[in-house]
Amino acid sequence: MSDEKNQNEEEDDNFVKKTSKEATDLFGNTVDSAGRVIKSVSGEGGLVGKATDSSGKILKGTANKANDAIGKTSEAPGKFYRKARGRTDKKSKHDDE
């Protein structure tokens, strides 16, 4: 039964990470598409195009950092549970002796 719980927690954890990654990818694609539209209207090499590229890099970098934070945050409950579960198992084994 504990194996089933661990698998479910890992699947939930993976679900959170996968969803966050997909949202970050979607955001990045949206930023890239908007940049292409702006550059097609204003011109590729102009100041507006360069500002768009810089802004896009900043936005995508920020989204990636947020995605990393979400991934780490989603791992914390599982790690805490496994530590607590391990302590409980050790205590119960000692109580049986």
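Residues numbered from 1 in each chain as written. Predicted model: local features only at pLDDT ≥ 70, side-chain atom pairs only at ≥ 80, totals over all residues. Heavy atoms only, no water.

*Asks:* I'd love a proper account of the overall build of the protein chain, names of residues and values included.
*Replies:* A tally of regular secondary structure across the protein chain gives two helices and zero strands. Among the 97 residues that make up the protein chain, the fraction classed as buried is 15%. In the protein chain, 78% of the contacts between residues at least 6 apart in sequence involve partners at least 24 apart. As displayed, the protein chain offers around 7700 Å² of accessible surface, 57% of which is attributable to carbon and sulfur atoms. (Helix = DSSP H or I, 4+ residues; strand = E, 2+ residues; numbered from the N terminus. Buried < 20%, exposed > 50% of the residue type's maximum accessible area, 1.4 Å probe, protein only. Contact = heavy atoms within 4.5 Å. Areas by Shrake-Rupley, 256 points an atom, 1.4 Å probe, with all protein chains shown as cover.)

*Asks:* Outline the pattern of salt bridges, listing residues and values.
*Replies:* The final tally for this structure, using the stated rule, is three salt bridges. One salt bridge in this structure joins Lys21 and Asp25, with 3.1 Å as the shortest N-O distance. Residue Lys21 and its partner Asp25 are located together in helix H1 (residues 2-42), separated by four residues, close to a single helical turn. The class of Lys21 is partly exposed, set by a relative accessible area of 43%. By relative accessible area, which is 36% here, Asp25 ends up partly exposed. The salt bridge partner of Lys60 is Asp32, with a shortest N-O separation of 2.7 Å. In this pair, Lys60 sits in helix H2 (residues 47-96) while Asp32 sits in helix H1, placing the two residues 28 residues apart along the sequence. Among the residues examined, Lys60 registers a relative accessible area of 28% and is labelled partly exposed. (Salt bridge = Lys/Arg side-chain N within 4 Å of Asp/Glu carboxyl O.)

*Asks:* Explain a nonpolar patch on the surface to me, and be specific about the residues and the numbers.
*Replies:* On the surface, Phe15, Val16 and Ile70 cluster together to form a nonpolar patch covering roughly 270 Å² of accessible area. Note that Val16 resides in helix H1. (Patch = residues over 30% accessible without salt bridge, like charges linked within 9 Å, V, L, I, M, F, W, Y side chains within 5 Å.)

*Asks:* Account for the side chain of Thr24, naming residues and giving values.
*Replies:* Counting through the fold element by element, Thr24 comes out in helix H1. Once you skip the residues sitting within four places of it in the chain, Thr24 turns out to touch Ala63, Asn64 and Asn67.

*Asks:* An account of the side chain of Lys39 is requested, with residue identities and associated values reported.
*Replies:* The topology assignment puts Lys39 in helix H1. Filtering out sequence-adjacent residues up to four positions away, Lys39 remains in contact with Glu44, Gly49 and Asp53.

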